[in-house]
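Spelled out, the chains give:
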Amino acid sequence: MVRSMKGSSAGSCGLVIQAGCAPSQHRRVARPQGAPSAGRDHDGLVSTHPEHGGSHRLPDCDVAIVGAGIAGLAAARHLTTAGFNVRVFEAGAAVGGRVRSESIDGITVDIGFQLINPAYPEAQRMLDFDDLSLRPFVAGVLLRESEGKASLIADPMRHPADVVSTALHVPGSRLQQIRFVAEILRLARMNPRALEQRPDLTAREALSRFGKISDDLLAAFLSGVLFDDSLTTSRRFVDLVLRSFVRGTPAVPATGMQRIPDQLARGLDIALNTRVRAVTPSTVATESETVHARAIIVACDPRTAATLIPGLAIGELRSGTTWWHLADSPGSALTNGRPVLVIDPRRTGPLVNSVVLSNAAPAYAPDGRALIASTALGAGQFDDSDVRRHLSYLHGIDTSRWDVVAVHRLDLTVPAMPAGTPLRKPVVLDNGLFVAGDHRDTPSLQGALVSGRRVAAAVQHALA
Ligand SMILES: Cc1cc2nc3c(=O)[nH]c(=O)nc-3n(C[C@H](O)[C@H](O)[C@H](O)COP(=O)(O)OP(=O)(O)OC[C@H]3O[C@@H](n4cnc5c(N)ncnc54)[C@H](O)[C@@H]3O)c2cc1C
């Protein structure tokens, strides 16, 4: 059922939407005084796209955004702050897109294990980290080299107590180690713009000069970060990723990744449970109505964006599976009680990494039990006994009695970014539509936030 309620002034967003048996929630924010109103430059009239009959009618709002993932929310924040009347349409029951958490029997699990790096420049601009109450992980990895041997390699600056372990266990010759440290220090200091100017290669080619450090450490670590086993990802993007790891310590909000989109969504006008079926440069059609706006931003995942915008080129998409387990032993008995990513350079099983998440953020599992997130590449069927065998190997403990809390098979984690892909793609299309999302920038939270800022600037320019 749809109710439509005209706003108090022409061009204001006065719709209240209810969608069938799953009622959409609709929040409104008042337009600041003096802010541009919908249709201002056209005496309140906007030409609709010819596909919609070329008729003239008052726009319902300045900007309609399809998708309340990180990119759509960022765009909505920028435009709302600039005084535009913005409405966001979200197909899901909550904001966040690929950054969602769910609660299962009082335990919080993120829908796919992921982290935020507080060194992301755009996250620093957009997010209130104190409000997120970030819980950091160890700035390093635990390398599982054999049944009996696990070696901690951590940044000596952030973990000085681990300097001996790190010095003893970093793989490679002395020359490779010196080269690698020099490169890391260079990346940390370099301006991201300068990094982007470096010749592009695959990550594998670029990292090969570090020999065993690349083969035995970086390849295993990065495959889980990039969802890319082959390391064909652009070295420019990998340089940015490594830079952020050197400059910031990855973390999760104390009560789940969902806190990030929830924070971005505060005060925005968002219709949940509202799937957009079609768009033109001036309309958004949901199942129950057509909303007119002066600008339309498609901020969906790349697959849906390509459906809504025929001809939009999207590349390969990566996939992954995350298992969430509760251990039968306390977190202090696992990975020395520390929140450190365990990786297996020999890849003796399906998992690319595993971490005792509750060692960083105990509130995820409030009953004090240890909650473990473990990830594999691909979203196919995995044999549970293979997963458990690998978990036992990684954690050096019998995991046969660990309880499965959830398994998330995600056929989209991030868009692939092979060498040669531009780090930035256009957010204004020839047909007059605007588009945002990690597929326009880098495949990360940072990229999604940047795409939101870029598209907002483009819309502001177009509507000026
Ligand atoms: C398992 C996993 C691990 C990750 N790990 C990391 C990490 O550690 N660090 C990092 O920086 N990044 C990580 N990422 C990537 C990061 O989460 C994404 O790059 C980012 O969230 C993408 O945001 P987006 O807004 O571009 O797209 P999305 O999150 O896909 O948002 C699109 C939104 O559009 C909505 N939508 C789609 N179709 C419609 C429609 N027809 N009508 C209305 N709404 C629609 C969707 O419901 C969704 O809310 C990870 C991702 C996954 C899945």
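About the cut-offs
- Residues numbered from 1 in each chain as written.
- Predicted model: local features only at pLDDT ≥ 70, side-chain atom pairs only at ≥ 80, totals over all residues.
- Near = placed C-beta within 6 Å.
- Helix = DSSP H or I, 4+ residues; strand = E, 2+ residues; numbered from the N terminus.
- Nonpolar A, V, L, I, M, F, W, Y, C, P; charged D, E, K, R; others polar.
- pLDDT = per-residue confidence, 0-100.
- Contact = placed C-beta atoms within 7 Å.
- Core = buried A, V, L, I, M, F, W, Y, C linked by C-beta atoms within 7 Å.
- Buried ≥ 20, exposed ≤ 12 C-beta atoms within 10 Å, placed from the backbone.
- Axes fitted to C-alpha atoms, helices over the stretch in contact; angles between N-to-C directions.
- Parallel < 35°, antiparallel > 145°, perpendicular 65-115°, else oblique.
- Left-handed = near helix turned anticlockwise from the far one by under 90°.
- Pairing = 2+ DSSP bridges.

Chemist: How should I be thinking about the site of the ligand in this particular structure?
Modeler: As a matter of local geometry, the ligand sits amid 35 residues, with Gly 67, Gly 69, Gly 97, Gly 112 and Gln 114 nearest to it. Counting residues per element, the ones that place at least two in the shell around the ligand are helix 1 (70-81) and helix 13 (445-463). Among the elements that take part in the shell around the ligand, helix 13 stands out by supplying four residues, more than any other. Its residues placed into classes, the shell around the ligand shows 16 nonpolar, 14 polar and five charged.

Chemist: Just checking my understanding: could you explain the confidence of the model for the chain for this structure?
Modeler: Residues shown with low pLDDT carry predicted positions that ought not to be read at fine detail. Averaged over the chain, the pLDDT score is 88; the fraction of residues at 70 or greater is 88%. Low pLDDT, under 50, characterises residues 1-55; the predicted model gives this stretch 104 contacts beyond four residues in sequence or across chains.

Chemist: Whenever I open this one, the nonpolar core confuses me. Can you help?
Modeler: Considering soluble globular proteins, one finds that nonpolar side chains tend to be buried as a cluster. Counting 124 residues, the largest nonpolar core has Val 63, Ala 75 and Ile 297 as its most contacted members. The element contributing the most residues to this core is helix 8 (residues 212-226), with eight residues. Here Val 63 is in contact with Leu 79, Phe 84, Val 86, Ala 293, Arg 294, Ala 295, Ile 297 and Val 459, once residues within four sequence places are set aside.

Chemist: When you look at the packing of helix 1 against helix 13 in this model, what are you seeing that I'm missing?
Modeler: Helix-helix packing is characterised by the crossing angle of the two axes and by the distance between the axes. In the contact formed by helix 1 and helix 13, the axes pass within 7 Å of each other and the chain directions differ by 40 degrees. Classified by the angle their axes make, helix 1 and helix 13 are oblique. Crossing geometry of helix 1 relative to helix 13 is assigned as right-handed. Mapping the contact onto sequence places Ile 70, Ala 71, Gly 72, Leu 73, Ala 74, Ala 75, His 78 and Leu 79 in helix 1 and Leu 445, Ala 448, Leu 449, Ser 451, Gly 452, Arg 453, Val 455, Ala 456 and Val 459 in helix 13. The residue inventory of the contact of helix 1 with helix 13, partitioned by class, reads twelve nonpolar, four polar and one charged.

Chemist: Sorry, what's going on with the pairing of strand 16 (residues 290-298) here?
Modeler: Every other side chain in a regular strand lies on the same face of the sheet, so the side chains alternate between the two faces. Here strand 16 lies mainly inside the structure; eight of its nine residues are buried. Inspection of the sheet shows strand 5 (residues 61-66) paired to strand 16 by five bridges, in the parallel sense. Counted as the bridge partner of Ala 64 is Ile 296 from strand 16. Pairing geometry for strand 15 (residues 283-286) and strand 16, over three bridges, is antiparallel. Across the sheet, the residue bridging to Thr 283 is His 292, located in strand 16. What sits between strand 15 and strand 16 in their antiparallel hairpin is a turn of three residues. Where strand 16 meets strand 22 (residues 434-435), two bridges bridge the pair, whose relative direction is parallel. Residue pairing in the sheet places Ile 297 in a bridge with Phe 434 of strand 22.

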